[in-house]
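So the chains spell out like this:
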Amino acid sequence: MRKERLIVPVVVGLALAWALAQAIASLLFERELARALEDLAARGDLLVERSDVERGWLESSGTLHLTPRFGRAWHLALPYEARHGVINTRIDGTLKPYVGADGRRLFGDLLPSSAPRWQARYHTLGATLRGRLKLAPFIVSQQERALEFRGGEVTFSGVYGDWRLQADLAPWRLSDGSTTLETGPITLESRYAYTEDAYHFTQQDLLKVAGLAWRQPDLALDASGLVLHSRTTLDEAELRIRSELTLDRLMAADEVLLNGRLAVELSRINADALRRVLATLRDEAARGETDRGGRALLARLEPDLLGLLADSPRLDLHAVDLDSPMLGLDARGDGALFFDAEALEALDPTALDEPEEQARWRERLYGDATWDQVPPVVALWLGLPLATDDLAIDVVRGRVRINGRPLSPILERRQ
C-alpha cells in the first residue's frame, strides 16, 4: 500500500519536471533565435523581421523575412515550424525567395521547381544548431535560351556568435543558341564569428569552382581550379577585407592561356564611422524611408561616409603572380595605393557624378607598384626601351608615372 501511495506523487512530480523542462526548452529556443536575428540585423546590410509568430511549449511557428535595407531587389521568406523536446527542437521550414519590385516567386513563377524544404535541429544543452537544405534539379528554357541546374545541398551549423555554412552545387549549364557556359561542381565554405550586436566580426569565405567551360563557334575556353578566398574583419579600429584568387589553368586551343594567383587587401576603413553609417541605415529602415532618393540619403550620410576615409584607406596588392605561356607573358609584382585624408570636408560625395568632383577625389590618390621582369612587348606598348627589365609605377595626386616618365598622351587621356 505504501508503494502504491508513492506512485501518484512520483508520476505528478515527473509530469511537472517534464513540463518545466519543456517550457525551458521552448524559452531557450526563442531566446537564441531572437538573439541571432538581432545580431544578423546589426550588421546593417539586411532588414530582419518575423511575422505570424506563435509560441508554445510543444510547438512554435512563424516566418522569418530577410530583405536588403535598400533597393528591395529581393525578399527571402522562411516559414518554419518548431517542435520542442526536452533535449532538442526540430525545425522544418521552406525557402521562399521573391525577386523584383513586384515580388515574383523565384520557385514557381520564374523557375519550374517547388520551393526547397529545409530541416534543422536545435540542441538545448549545447545551444547548437545544425541544419540542411536540399536544392532540386530543374530546367528552364525560353526559345533558344536554357538553364539546366542539377541540384545541390546546403548545410549550416553553429552556436551563438559562431556560424558555419557549406554549399555543394552540382554542375550547371547555361546555353543561348550555339553559345554555352558550364560550370561546376562548386563548393562554398563560409564562417561568420561575431560579438554581441556584431560590434566586432570576422567572416571567412572559400569558394572553389572545379571547372568552367565557355563555348561559342569561334572560341573555346576551359578553366580549372578556380579558388577565391576572402576574409573580412571589423575590429575596434578598422574594417579590413583581404581576398586571394588562384587559377590552376585557363586553356584555349589546347594551350595554357593563363594561370597564377592574385592577392589584394583593403584596409584602414574607419570602424566607428562604419558603425555610424550602419546605425543610420537601420534608422532609415525603421522609419520606413528606405526608398528615399539616393542623393537625399547621401546627404544625411555624408559626414559619416567621409569619416570612413579618416584613416587614409589603403589598397595593397600583396602579390601578382600570373603566367600566360600561350602569349609568352608573365606578371609578377606588388604595390599599394593610398587615399589622402586631409581636409575631407572639401569633398562632396553627393556630387560624384560630376567630372570636377571626380577629379578632386582622384587627386587624393598616391601609391607605387613594381612589375618585375616586364615582357618587351609591354615595354614597347608603354613607349619604354625594349631592354627595360622592371617597371616602377608611381601614383602622385592621381597621375601615373612609369619609371619616372609620364604616360603617353593616349594613355594620359584615359586617366
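Model, not experiment: these values are computed from the prediction. (Residues numbered from 1 in each chain as written. Predicted model: local features only at pLDDT ≥ 70, side-chain atom pairs only at ≥ 80, totals over all residues. Heavy atoms only, no water.)

Before going further, it helps to examine a nonpolar patch on the surface. On the surface, Val-86, Ile-87 and Leu-125 cluster together to form a nonpolar patch covering roughly 320 Å² of accessible area. Note that Val-86 resides in the loop between strand E3 (74-84) and strand E4 (88-94). (Patch = residues over 30% accessible without salt bridge, like charges linked within 9 Å, V, L, I, M, F, W, Y side chains within 5 Å. Areas by Shrake-Rupley, 256 points an atom, 1.4 Å probe, with all protein chains shown as cover. Salt bridge = Lys/Arg side-chain N within 4 Å of Asp/Glu carboxyl O. Helix = DSSP H or I, 4+ residues; strand = E, 2+ residues; numbered from the N terminus.)

With that settled, consider the pattern of salt bridges. If you walk through the whole model with that rule in mind, you get 23 salt bridges. The closest approach of N and O atoms between Asp-92 and Arg-83, which form a salt bridge, is 3.2 Å. Sharing partners across several salt bridges, the network here consists of Glu-81, Arg-83, Arg-90 and Asp-92.

Quick look at a negative patch on the surface now. A contiguous patch of negative charge on the surface is contributed by Asp-334, Asp-368, Asp-372, Asp-389, Asp-390 and Asp-394. Here Asp-394 shows up in strand E23 (residues 391-396). (Lys, Arg positive; Asp, Glu negative; His and termini not counted. Charge placed at Lys NZ, Arg CZ, Asp CG, Glu CD.)

A volume near 420 Å³ is recorded for the second largest pocket. Going through the elements one at a time, strand E20 (314-324), strand E21 (329-339), strand E22 (365-372), E23 and strand E24 (399-402) are the ones with two or more residues in the lining of the second largest pocket. Here the lining of the second largest pocket gets five residues from one element, more than from any other, and that element is E22. (1 Å grid on protein atoms, 1.4 Å probe; cavity = no way out; pocket = protein on both sides within 12 Å on 5 of 7 lines; lining within 4 Å. Points joined across faces, edges and corners; volume = space filled by probe spheres on them.)

So, about the packing of aromatic side chains. If you walk through the whole model with that rule in mind, you get six aromatic pairs. Measuring from centroid to centroid gives 5.2 Å for Phe-138 and Phe-149, while their planes differ by 35 degrees, and the two rings are tilted. Taken together, the residues span a long stretch of sequence, with Phe-138 in strand E9 (residues 138-142) and Phe-149 in strand E10 (residues 145-149) at a distance of 11 residues. Taken together, the ring pairs in this structure connect Tyr-160, Tyr-192, Tyr-194 and Phe-201 into an aromatic cluster. A cation over an aromatic ring shows up here: Arg-35 above the ring of Tyr-160, its NZ or CZ 3.5 Å from the ring centre. Its guanidinium or amino end placed over the ring of Tyr-199, Arg-275 lies 3.8 Å from that ring's centre, counting from NZ or CZ. (Phe/Tyr/Trp six-rings, centres within 6.5 Å; stacked < 30°, edge-to-face > 60°. Lys NZ or Arg CZ within 6 Å of the ring centre and 35° of its normal.)

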